[in-house]
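Each chain is listed here by its residues.
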Amino acid sequence: MAASAPFLSQPSQASLTHTPPKRTSIKSLAELPGLTSIPPIYIFPTNANDQPFSDAKESIPTIDFSHLTSNNPDERSKVLQELGDACQDWGFFMVINHGVPESMMQAIIEACRGFFELTEEEKQEFEGKHMLDPISCGTSSNVSVDKVLFWRDFLKVFQHPEFHSPNKPAAFSEIALEFSTRVRQVARIIVRGISESLGLEGNYIDEALNLEDGLQFLAANFYPPCPQPELALGLPPHSDHALLTLLIQNEIMGLQVQHKGEWINVNPIPNSFLANVGDHIEILSNGKYKSVLHRAVVNNKDTRISIAMPHGPALNAVVAPASKLLDHENNPPAYKAMKYKDYLELQQSSKLDGKSCLERIQDRTI
Ligand code: OGA
Ligand code: NI
């Protein structure tokens, strides 16, 4: 592939694996006066399949959260059907009427903006080394394995089962605690609905994967304006590893979802959550619900901030296809059982690349 992409200039593999280069934030690069082109390390090879994207003849389905908690049985069974269809057809859906106040959503976005605007020295204190560090910030994704760097800075903070927070900016901790607590309640009710929509007991996933101790992160992305947005990516195509991610953003678009082989621009309903099925729902459902590829593109005008809240199993939970969904003749298990913590370790050692992690535990002997 490198041969067909002569503009791609990459440091040698050796220099990447032995001495990961120290990278300053994308924010400070983007703010360099007179920056009109991007350094080659940020140029993604173009891929014929990547190019066409449609402006939604179809759009991402909407789930009315209030119906999931409704006492009206017709309303509930209808929304469970819609949720199941959304997970099967799209892997993505918008969640409205979730009850998390708009002011809280604005406040967490501003708190994250405040974090990214700290000085490089202040942020350095929070640079994590490992996926399982409770607080980490940096640029790209994993600069020791990323061959092309992403046009984004990130902050990743564990919110549950133990709550962590950077101590700067001052208001961050209080806002994050309030927000993540509310979002976790929403996520657990959606997961309960997903469980029912699969024909399992409502509390099946909750109990099998010990969601009482489930891992929840706050993963904030900062995408500053890019002078050559058509060459760079904020995040390359990937699936999310957890069970369910809930995402919010400031008013700037940039998320694209793969649907029927095309990249679809996502234009979320204001103040909704954008939900997506993660790898562990794919595993649990034995592939009935797929974790869907998505990516973030950048623009040359506005800074985009998004906050993804992945909700996963407990670190020690072993995830496997639900036995009730299997039938050894017609629907044998298609994924190997694996501890969630081991999956995260596997992901840490790989580059963010499509669904490569999930593919490694798919049982190809079947
Ligand atoms: C992510 C992600 C998309 C976005 O953080 O995993 O897919 O729109 N983010 O920022
Ligand atoms: Ni994602």
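Residues numbered from 1 in each chain as written. Chains lettered and ligands numbered in written order. Predicted model: local features only at pLDDT ≥ 70, side-chain atom pairs only at ≥ 80, totals over all residues. Heavy atoms only, no water.

So, about the overall build of the protein. Within the protein, the secondary structure is distributed over 11 helices and 15 strands. Every one of the 366 residues in the protein was classed for burial, and the buried ones make up 52%. Sequence-distant contacts in the protein: of pairs separated by 6 or more residues, those separated by 24 or more amount to 80%. Accessible surface, the protein: about 16,400 Å² in total, of which carbon and sulfur atoms supply 51%. (Helix = DSSP H or I, 4+ residues; strand = E, 2+ residues; numbered from the N terminus. Buried < 20%, exposed > 50% of the residue type's maximum accessible area, 1.4 Å probe, protein only. Contact = heavy atoms within 4.5 Å. Areas by Shrake-Rupley, 256 points an atom, 1.4 Å probe, with all protein chains shown as cover.)

Turning our eyes to something else, we now look at the site of ligand 1. In the region of ligand 1, the neighbouring residues are N221, Y223, L235, H238, D240, L247, L255, H294, R304, S306 and A308. Between ligand 1 and N221 there is a distance of 3.1 Å, counted from an oxygen atom to a side-chain nitrogen or oxygen. In the environment of ligand 1, an oxygen atom lies 2.9 Å from a nitrogen or oxygen atom belonging to the side chain of H294. Among the secondary structure elements, those contributing two or more residues to the shell around ligand 1 are β6 (216–223), β7 (235–238) and β13 (304–311). For the shell around ligand 1, the leading source of residues is β13, giving 3 residues. Residues of the shell around ligand 1, tallied by class, amount to 5 nonpolar, 4 polar and 2 charged. (Near = heavy atom within 4 Å. Polar contact = N/O pair within 3.5 Å; in protein donor to acceptor, adjacent residues only side chain to side chain. Nonpolar A, V, L, I, M, F, W, Y, C, P; charged D, E, K, R; others polar.)

With that out of the way, let us pick up the coordination of the nickel ion (ligand 2). In a perfect tetrahedron of four donors around a metal, the angles come out at 109.5 degrees. In a perfect octahedron of six, they are 90 or 180 degrees. The protein atoms that coordinate the nickel ion (ligand 2) are H238 (NE2), D240 (OD) and H294 (NE2), at distances spanning 2.1 Å. We note that the donor set of the nickel ion (ligand 2) lies within a single chain, spaced as H-x1-D-x53-H. In this pair, H238 sits in strand β7 while H294 sits in strand β12 (residues 294–296), placing the two residues 56 residues apart along the sequence. Looking at H294, the relative accessible area reads 5%, which means it is buried. (Donors = N, O, S within 2.8 Å, 3.2 Å for Na, K, Ca; no water.)

Right, let's get into helix α10 (residues 340–348). Along an α-helix, residues three or four positions apart point the same way, because every turn accommodates 3.6 residues. Every buried residue belonging to α10 is among Y340, Y343, L344, L346, Q347 and Q348, and all of these are buried. Looking at the buried residues of α10, the elements they touch are α9 (279–284), β15 (338–339) and α11 (356–361).

Before going further, it helps to spend a moment on the environment of D302. Mapped onto the elements of the fold, D302 is located in the loop between β12 and β13. A relative accessible area of 36% places D302 in the partly exposed class. Apart from the residues within four sequence positions on either side, D302 is in contact with Y223, P224, P225 and I252.

Between two packed helices, both the angle of their axes relative to each other and the distance between the axes serve to describe the pair. At a closest axis distance of 9 Å, the pairing of helix α4 (residues 73–89) and helix α7 (residues 172–197) adopts a crossing angle of 85 degrees. Classified by the angle their axes make, α4 and α7 are roughly perpendicular. In this structure, α4 contributes R76, L80, L83, G84 and C87 to the contact, and α7 contributes I190, G193, I194, E196 and S197. Of the residues assigned to the contact of α4 with α7, the class counts are 5 nonpolar, 3 polar and 2 charged. (Axes fitted to C-alpha atoms, helices over the stretch in contact; angles between N-to-C directions. Parallel < 35°, antiparallel > 145°, perpendicular 65-115°, else oblique.)

This paragraph deals with the pairing of β6. Of all 8 residues in β6, 8 are buried; the element is thus mostly enclosed. Because side chains alternate across β6, one face comprises the buried residues Q216, L218, A220 and F222, and the other comprises F217, A219, N221 and Y223, equally buried. Both strand β5 (residues 153–160) and β6 contribute to a ladder of 7 bridges, which runs antiparallel. If you follow H160 over to β6, its bridge partner there is Q216. Bridge analysis of β6 against β13 gives 6 bridges, and the strand direction is antiparallel. What sits directly across from A220, in β13, is I307. (Pairing = 2+ DSSP bridges.)

Judged by nonpolar contacts, the single largest core of 68 residues is most densely connected at F93, F179, I190, I194 and L244. With 10 residues, the top contributor of residues to this core is α7. When residues no more than four places from it in sequence are discounted, the contact partners of F93 are I60, P61, I63, L83, A86, C87, I190, L244, F273, L274 and A275. Core analysis: the next-biggest nonpolar cluster, separate from the first, contains 18 residues, I38, I41, I43 and F44 among them. (Core = buried A, V, L, I, M, F, W, Y, C linked by side-chain atoms within 4.5 Å.)

For the coordinates displayed, the defined rule picks out 8 salt bridges. Across the pair K27 and E31 runs a salt bridge whose closest N-O atoms are separated by 3.0 Å. Note on K27: relative accessible area 13%, which makes it buried. Across the pair K168 and E125 runs a salt bridge, and its minimum N-O distance is 3.5 Å. (Salt bridge = Lys/Arg side-chain N within 4 Å of Asp/Glu carboxyl O.)

Spatially, 8 strands are ordered β2-β3-β11-β8-β13-β6-β5-β4 in an open sheet, and the strand pairing comes out mixed. The open sheet terminates on both sides in strands that have one partner only, identified here as β2 (62–64) and β4 (135–139). Here the strands of the sheet are splayed against their neighbours by 25 degrees on average, with no regard to which way each runs. Here β2 runs beside strand β3 (residues 92–96); their pairing, made up of 3 bridges, is parallel. Bridge assignment links I63 to a residue of β3, and that residue is V95.

On their own, these measurements won't tell you what the molecule is for.
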